[in-house]
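Commentary on secondary and tertiary structure
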Amino acid sequence: MTATAWMDTLWDPGARLLRAPASLAPHTHMVRETIWYAVGLLTRAGTSDRARAVEAVERVLAHQFTLPGHVAHGTWRRWPDEQDPAPDAAEWRDYDPNWREFIGTALLLVLHEFEPDLPAALVARIDDALTLATAGSRQRGVSAHYTNIALMAAYLYDAVGDRHGRAELRGAGELLATEVHTVWARTGAFPEFNSPTYYGVDLFGLALWRGLAPSPVLRGLGAVMERRLWEEIAARYHPDLRNIAGPYDRTYGMDLQRYVSLLGLWIQLATRGAQAPLPAGGPGAADHAHDWCFAPCFALLASTPPADVTARLTAFSGRRHVATTVTTAPRRVATSWIGERHLIGAQDAGGSHDEWDDQSCPVAVHWRAPGTSHGVHWLRAAPGTPVDATVDREGTLRLTHYARRNPGRPLRFVAYAPRSAPDDVTAGHWRLPGLTVRVESAAGIDAVTAHSDGLLHITYAPVDAPHEGGTEFLLRFTPA
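Attention here is on the structure that accompanies the text. (Residues numbered from 1 in each chain as written. Predicted model: local features only at pLDDT ≥ 70, side-chain atom pairs only at ≥ 80, totals over all residues. Heavy atoms only, no water.)

Focus: the overall build of the chain
Of the regular secondary structure elements, the chain holds twelve helices and 18 strands. On C-alpha atoms alone, the chain measures out to a radius of gyration of 23 Å, which is about the 23 Å that the 2.2 N^0.38 rule sets for 480 residues. Its C-alpha atoms put the chain at 70 × 45 × 45 Å along the principal axes. Relative to its full complement of 480 residues, the chain shows a buried share of 58%. Long-range contacts, defined here as pairs at least 24 residues apart, represent 65% of the contacts in the chain between residues at least 6 apart. Only carbon and sulfur atoms are counted for the fraction: they give 51% of the accessible area of the chain, which is about 18,300 Å². The positive charge centre, built from 45 side chains, and the negative charge centre, built from 52, are 4 Å apart in the chain. (Helix = DSSP H or I, 4+ residues; strand = E, 2+ residues; numbered from the N terminus. Rg over C-alpha atoms; globule rule 2.2 N^0.38 Å. Buried < 20%, exposed > 50% of the residue type's maximum accessible area, 1.4 Å probe, protein only. Contact = heavy atoms within 4.5 Å. Areas by Shrake-Rupley, 256 points an atom, 1.4 Å probe, with all protein chains shown as cover. Lys, Arg positive; Asp, Glu negative; His and termini not counted. Charge placed at Lys NZ, Arg CZ, Asp CG, Glu CD.)

As for the packing of aromatic side chains
A full pass over the atoms with the stated rule returns 15 aromatic pairs. Taken together through their ring pairs, the aromatic side chains of W36, W99, F102, F204, W266, F294 and F298 make up a single cluster. (Phe/Tyr/Trp six-rings, centres within 6.5 Å; stacked < 30°, edge-to-face > 60°.)

Let's talk about the sheet that holds strand 10 (residues 376-381)
Taken in spatial order, the eight strands line up as 6-7-8-9-10-13-17-16 in an open sheet, and their pairing is antiparallel. Unpaired on one side and paired on the other, strand 6 (320-328) and strand 16 (448-452) mark the two borders of the sheet. Across the sheet, the mean angle separating the axes of adjacent strands is 15° when strand polarity is ignored. As defined by bridge partners, strand 9 (residues 363-368) adjoins strand 10 across five bridges and the pair is classed as antiparallel. Counterpart to R368 in the pairing with strand 10 is V376. Against the sheet, helix 9 (residues 216-236) touches strand 6 and strand 7 (331-338), its axis set at about 135° to strand 6. (Pairing = 2+ DSSP bridges. Axes fitted to C-alpha atoms, helices over the stretch in contact; angles between N-to-C directions.)

A look at the side chain of N148
Summarising the element assignment, N148 is placed in helix 6 (residues 147-164). Looking at N148, its side chain comes within polar contact range of the side chain of E192, at 2.9 Å. If sequence neighbours within four positions are ignored, N148 has contacts with F102, E192, Y198, V201, D202 and R250. (Polar contact = N/O pair within 3.5 Å; in protein donor to acceptor, adjacent residues only side chain to side chain.)

Examining the sheet that holds strand 14 (residues 429-432)
Pairing in this open sheet of five strands is antiparallel, and the strands run 11-12-18-15-14 from one edge to the other. Each edge of the sheet is formed by a strand with only one pairing partner; in this case those strands are strand 11 (387-391) and strand 14. On average, each strand axis in the sheet is tilted by 20° relative to the strand beside it, whichever way the strands run. Pairing between strand 15 (residues 435-440) and strand 18 (residues 471-479): six bridges, direction antiparallel. When the sheet's bridge partners are listed, V439 is paired in strand 18 with L475.

Some remarks on the packing of helix 4 (residues 99-114) against helix 8 (residues 198-212)
The relative placement of two packed helices is expressed as an angle between their axes plus a distance between the axes. Packing of helix 4 against helix 8 leaves a shortest axis separation of 12 Å and a crossing angle of 40°. Two packed elements cross with a definite hand, and for helix 4 against helix 8 that hand is left-handed. On helix 8, the residues touching F102, T105, L109 and H112 of helix 4 are V201, F204, L208 and L212. Taken together, the residues of the contact of helix 4 with helix 8 break down into six nonpolar, two polar and no charged. (Left-handed = near helix turned anticlockwise from the far one by under 90°. Nonpolar A, V, L, I, M, F, W, Y, C, P; charged D, E, K, R; others polar.)

Overview of the state of the cysteines
Under the counting rule described, the total for this entry stands at zero disulfides. As a non-bridged cysteine, C293 has C297 as the owner of its nearest cysteine sulfur, 10.0 Å distant. A residue is classified by how much of its surface remains accessible, and C297, at 0% relative accessible area, is buried. (Disulfide = S-S within 2.5 Å.)

Some remarks on the pairing of strand 9
Here strand 9 lies mainly inside the structure; five of its six residues are buried. Pairing of strand 8 (residues 342-348) with strand 9 involves five bridges; the strand directions are antiparallel. Paired with H342 across the two strands is W367, which belongs to strand 9.

Looking at the environment of L411
As for its placement among the helices and strands, L411 is situated in strand 13 (residues 411-416). Note on L411: relative accessible area 3%, which makes it buried. As for L411 and A133, which are separated by 278 residues in sequence, their C-alpha atoms are 45 Å apart. In this structure L411 touches T385, V387, L399, H401, I458, T459, Y460 and F473, once residues within four positions along its chain are discounted.

Remarks on the nonpolar core
Counting residues in hydrophobic clusters, the biggest one holds 117 residues, and the most contacted among them are L107, I126, F204 and W209. In terms of residue count, helix 6 provides more of this core than any other element does, eleven residues in total. Counting 31 residues, the second-largest nonpolar core is a separate cluster that includes F413, V425, W430 and L456. (Core = buried A, V, L, I, M, F, W, Y, C linked by side-chain atoms within 4.5 Å.)

Now the structure itself:
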């Protein structure tokens, strides 16, 4: 089933919006995803698709905030029942500022590809909405380090400025684009590193720059960064395990075959469906099912990676070690080991991290699930665990746990390894289905506890670190 056909099943003709899938409960309808559906309808161009697309666009436009001087000015409701933000509204809780860029770029796609098919009055309303969105976005001042939003914002300013004859807006787009490239060029990596969801937005933004931007500055920079990003993705991707090796700055899941990632959608397009890292049964009740709605926008942009990259996305290209300096101040280095049957990813920030949120994953291990051709089990440092790590060329994971600086935050791991049991874990030896792990530490690791609630949770008792530098561990992995 195509993304547009799936969205047909979510369409509510009364609300003129898409119903929210189960993964977004208790919300009932979606605003941003409805504009992506309109792109799919206009692309498909079936008997009643144009009329439905016009209804969808009109309804989305009706949910934009017009609040001059307010921090939410020009963005959109996430859900139709979301209230106008109060004067003291909090970002993310009361409104999402990023809907300006997500919906604004989709509206520009609608105009670029389908303007002659739309009523003139609707085109005028879209232009008004784009004026509001760019005003609110510029008032916010998107940072060049906020990669995925900055990429879309730069295109938004450039394209709207060109369309409306506003040189200062085009200049703002080129300035932001140059700043994004400057940040990227320091290391050749985006600071929002290796995110299976947000790399998908990055590819979308770069495809807009390279393919549709009026500015030659955006077109040139976009082509360079787009190619390099595809090369970076291919270096860490394992087509047989259908996953990308960690570490992840931001992730919403640990197995690309069990939740919908935007990178998975791009790989599906690049490989024409072969071995796509997506839930086998389609979006259905999969986590982040709503992200599947973005697919029609991706398909329109036709981002085709270089032939050598496509080859690495479709066939395993051999055991390898990959090291990437992500940022230099503070210095963050991501190392990954890609083997035939398992993947290891690690991030070393030199102790500079003060927060480890739920989306951050500095340690990730994937391995082939026993008895399957491409199923995986996985292991990660539990969310919030204060660690740095590196993996060497032999696949040994060297981990530093900052126990002294973070009292009450022991060394914890979480594993998805069905049929494993707490008794399979001792302090120095884990026997997991398909993988054996040996753990060593000069500081001593006598006490370990494990329990299972569908996932296996492994916790090491705090060890008094010899210094502020933390306690060091070695983990060695042997796949079955």
